[in-house]
Amino acid sequence: DQQVKQNSPSLSVQEGRISILNCDYTNSMFDYFLWYKKYPAEGPTFLISISSIKDKNEDGRFTVFLNKSAKHLSLHIVPSQPGDSAVYFCAALSTNLYNFNKFYFGSGTKLNVKP
Amino acid sequence: DAGVTQSPTHLIKTRGQHVTLRCSPISGHKSVSWYQQVLGQGPQFIFQYYEKEERGRGNFPDRFSARQFPNYSSELNVNALLLGDSALYLCASSLAGNTDEKLFFGSGTQLSVL
């Protein structure tokens with residue numbers, strides 16, 4: 001039961017351009033969303049989060065957009081740098097459904113930023 | 001400051017065996033969660049522990065069990081291993097295990113079942 005989907009397994013972008021990673025979810029109870037970045041042989045690292053009361057959150061070069069009606073979120077990286085090359089995971093949970101932090105993860109998008 | 005540490009980093013077992021994976025959370029973090037990541041998929045929730053009590057369990061069989069110790073470290077145990085248990089097992093810690101807390105992950109234990 002894939003409640004969080006990342007339909008693009010990979011994305012290749014030129015250095016300095018914008019990277020847009022997409023994520024769709026099916027559970028309308030999800031109200032908290034995060035993006036994680038994972039390098040090979042390392043655990044996922046928190047990148048940015050957004051609550052469903054917002055539709056945008058920025059942190060430096062990273063911006064996450066949330067479209068609740070479409071059950072869609074996206075991560076924008078501007079400008080992209082070669083060090084951004086990694087696998088990006090979208091994660092979601094419901095703060096109301098459970099009293100514990102059961103995150104649902106997408107299958108990841110491998111970003112390659114070319115110098 | 002030390003992050004989340006997991007041991008061992010790699011493990012090879014045969015079907016039917018038992019395995020124990022270990023995790024030490026970030027200092028001050030009282031909640032530990034376990035996730036399974038099968039190749040090509042995202043992490044899947046197994047357990048969350050807080051203050052030595054199980055707070056939540058994912059959709060995994062009873063062969064999977066865990067516990068948390070007074071120092072907040074944790075063990076994940078898997079009995080009667082199946083080939084399908086081959087995966088990266090990730091441990092994550094958070095301060096109080098509240099639903100909107102971000103997780104800090106360790107590098108994982110790569111388990112191969114032959």
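An account of the accompanying structure is given in this report. (Residues numbered from 1 in each chain as written. Chains lettered and ligands numbered in written order. Predicted model: local features only at pLDDT ≥ 70, side-chain atom pairs only at ≥ 80, totals over all residues. Heavy atoms only, no water.)

1. Some thoughts on the sheet that holds strand E7 (residues 62–67) of chain A
Strands in a sheet are paired, the pairing made by backbone hydrogen bonds, and the direction either parallel or antiparallel. All names here are of chain A. Basically, it comes down to this: Strands pair, by our definition, only if DSSP identifies at least two bridges between them. Numbering goes from the N terminus for both helices and strands, where a helix is a DSSP run of H or I of at least four residues and a strand is a run of E of at least two.
Pairing within the open sheet is antiparallel, and its five strands lie in the order E1-E3-E8-E7-E6. Looking at strand neighbours, the two that pair on one side only are strand E1 (4–5) and strand E6 (56–59), the edges of this open sheet. Pairing between E7 and strand E8 (residues 72–77): six bridges, direction antiparallel. Its bridge partner lying in E8, Val64 is registered against Leu75.

2. Things to note about the environment of Ser28(A)
All names here are of chain A. Filter applied, for reference: Classification of residues uses two cut-offs on accessible area relative to the type maximum, computed with a 1.4 Å probe and protein chains only: under 20% is buried, over 50% is exposed, and between them is partly exposed.
The topology assignment puts Ser28 in the loop between strand E3 (19–25) and strand E4 (32–38). For Ser28, a relative accessible area of 58% translates into the label exposed. Along the chain, Ser28 and Lys68 lie 40 residues apart, while their C-alpha atoms are 8.3 Å from each other.

3. Here's the deal with the nonpolar core
Cut-off, in case you're wondering: Think of a nonpolar core as a cluster: buried Ala, Val, Leu, Ile, Met, Phe, Trp, Tyr and Cys residues, connected wherever their side-chain atoms sit within 4.5 Å. Contacts: residue pairs with any heavy atoms within 4.5 Å of one another.
Ranked by internal contacts, the top residues of the largest apolar core, which has 24 residues, are Val4(A), Phe33(A), Trp35(A), Leu73(A), Leu75(A) and Tyr88(A). Elements represented by at least two residues in this core include exactly E3, E4, strand E5 (45–51), E7, E8, strand E9 (86–93) and strand E11 (109–114) of chain A. Broken down by element, the residue count for this core peaks at four residues, all from E9(A). Those residues in contact with Leu75(A) that lie beyond four places of it in its chain are Ser19(A), Ile20(A), Leu21(A), Trp35(A), Leu47(A), Ile48(A), Phe62(A), Thr63(A) and Tyr88(A). Counting residues in hydrophobic clusters, the runner-up holds 22 residues, among them Val19(B), Cys23(B), Val32(B) and Leu81(B).

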